[in-house]
Amino acid sequence: MYIVLASKSPRRIELLKKLGVKFDVIPSQCAEKSTKKRPAARVKELAVQKAFDVAQKYPAAVVIGADTLVFCKGEIIGKPKDKADAVRILRKLNGAWQSVYTGVCVMCLKEQKIVFGHDVSKCKARKLSDEELLHLAGKHMDKAGAYAVQDEQDPFIEKIVGSKTNVVGFPVEFFEKLFKEFLK
């Protein structure tokens, strides 16, 4: 079975490797656009888009797509556009509970098989000073929410309810369940 991860995320690559899965990394080139307003629907749609983008080029491959976002105070929060946006995001999340959603899709076009779903974890951010937020802003520009729970030097998140790997960007336990379903 030829497996492809449709992401260049170092965190997703590392977590999938820890499972002992042999795979190639072929990042999706899709635009990542969604009209979905609900976080769960959005991450599932984008995970399917990413997997499908790569699966069209490799129809015999089993392609894994994923997408992560943060939802807080009614706003869907992705990766910061720039440092000013990172400051805005961190100020919004500062001291607040938020939900982290990750959509995962596993598909093989040749076998006409697809499974997808999402996982959600709740996180509580520490209340940091404006100076601390400014210091943190810009460190994690490639991550939804502009923070990195896996970074020991990132003091932002104080509590996680649910899967920590989901907050990192790839819910390992959920993926294992989904992959078993795909193999049936």
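Just so it is clear, the structure is predicted and the values come from calculations on it, not from any experiment.

Chemist: For this particular structure, what's the right way to read the packing of aromatic side chains?
Modeler: One pair of aromatic rings is described through two measures. These are the centre distance and the angle between the planes. Taken as a whole and judged by the stated rule, the model has four aromatic pairs. Their ring planes at 45° and their centres at 5.1 Å tell us that F170 and F175 sit as a pair that is tilted. An identical accessibility class is assigned to F170 and F175; each is buried. By the ring-pair criterion, three or more aromatic residues cluster together here, those being F170, F175, F179 and F182. Over the ring of F182 we find K113, and its NZ or CZ is 4.8 Å from the ring centre.

Chemist: Hey, could you run me through helix α6 (residues 172–183) in this one?
Modeler: When the terminal C-alpha atoms of α6 are compared, their 16 Å separation across 12 residues agrees well with the 16 Å that a helix rising 1.5 Å per residue should span. Turning to α6, its buried residues are V172, F174, F175, L178, F179 and F182. For α6, the buried positions fall inside an angular range of 150° around the axis, keeping them on one side. Set apart from the buried face of α6 by more than 90 degrees, the exposed residues are K177 and K180. Turning to α6, the residues buried within the fold contact β1 (3–5), α1 (10–18), β3 (62–72), β5 (97–108), β6 (113–125) and α5 (164–168).

Chemist: Would you take a moment to explain the pattern of salt bridges for this structure?
Modeler: As a working rule, side chains carrying opposite charge can pair if their charged atoms are close by. Enumeration according to the criterion identifies 12 salt bridges in this entry. We note a salt bridge from R11 to D142, for which the minimum N-O separation is 3.3 Å. Here D142 lies in the loop between α4 (130–136) and β7 (157–161) and R11 lies in helix α1, a separation of 131 residues in the sequence. Here R11 falls in the buried class, since its relative accessible area comes to 14%.

Cut-offs applied
All chains use their own residue numbering, which begins from 1 and follows the written sequence. The predicted nature of this model means local features are confined to residues of pLDDT at least 70 and side-chain atom pairs, given and counted, to a pLDDT of 80 or more, with totals for whole chains, interfaces and linings taken over all residues. Note that water and hydrogens are dropped before the side-chain values are worked out from all heavy atoms of the structure. Between rings of Phe, Tyr and Trp, where Trp is taken as its six-membered ring, a pair exists when centres lie within 6.5 Å; planes separated by under 30 degrees are stacked, by over 60 edge-to-face, and by other angles tilted. Remark: exposure states derive from per-residue accessible area (1.4 Å probe, protein chains only) relative to the maximum for the residue type, with buried under 20%, exposed over 50%, and partly exposed in between. Remark: a charge is flagged as sitting over a ring if the NZ atom of Lys or the CZ atom of Arg is within 6 Å of the ring centre and within 35 degrees of the ring normal. Helix numbers and strand numbers start at the N terminus; a helix is a DSSP run of H or I with at least 4 residues, a strand a run of E with at least 2. Expected span of a helix: the number of residues minus one, times 1.5 Å. By definition, the arc is the one covered by directions from the helix axis to the C-beta atoms. Contacts are assigned to residue pairs that have any heavy atoms within 4.5 Å of one another. Between Lys or Arg on one side and Asp or Glu on the other, a salt bridge is scored when a side-chain nitrogen of the former is within 4 Å of a carboxyl oxygen of the latter.

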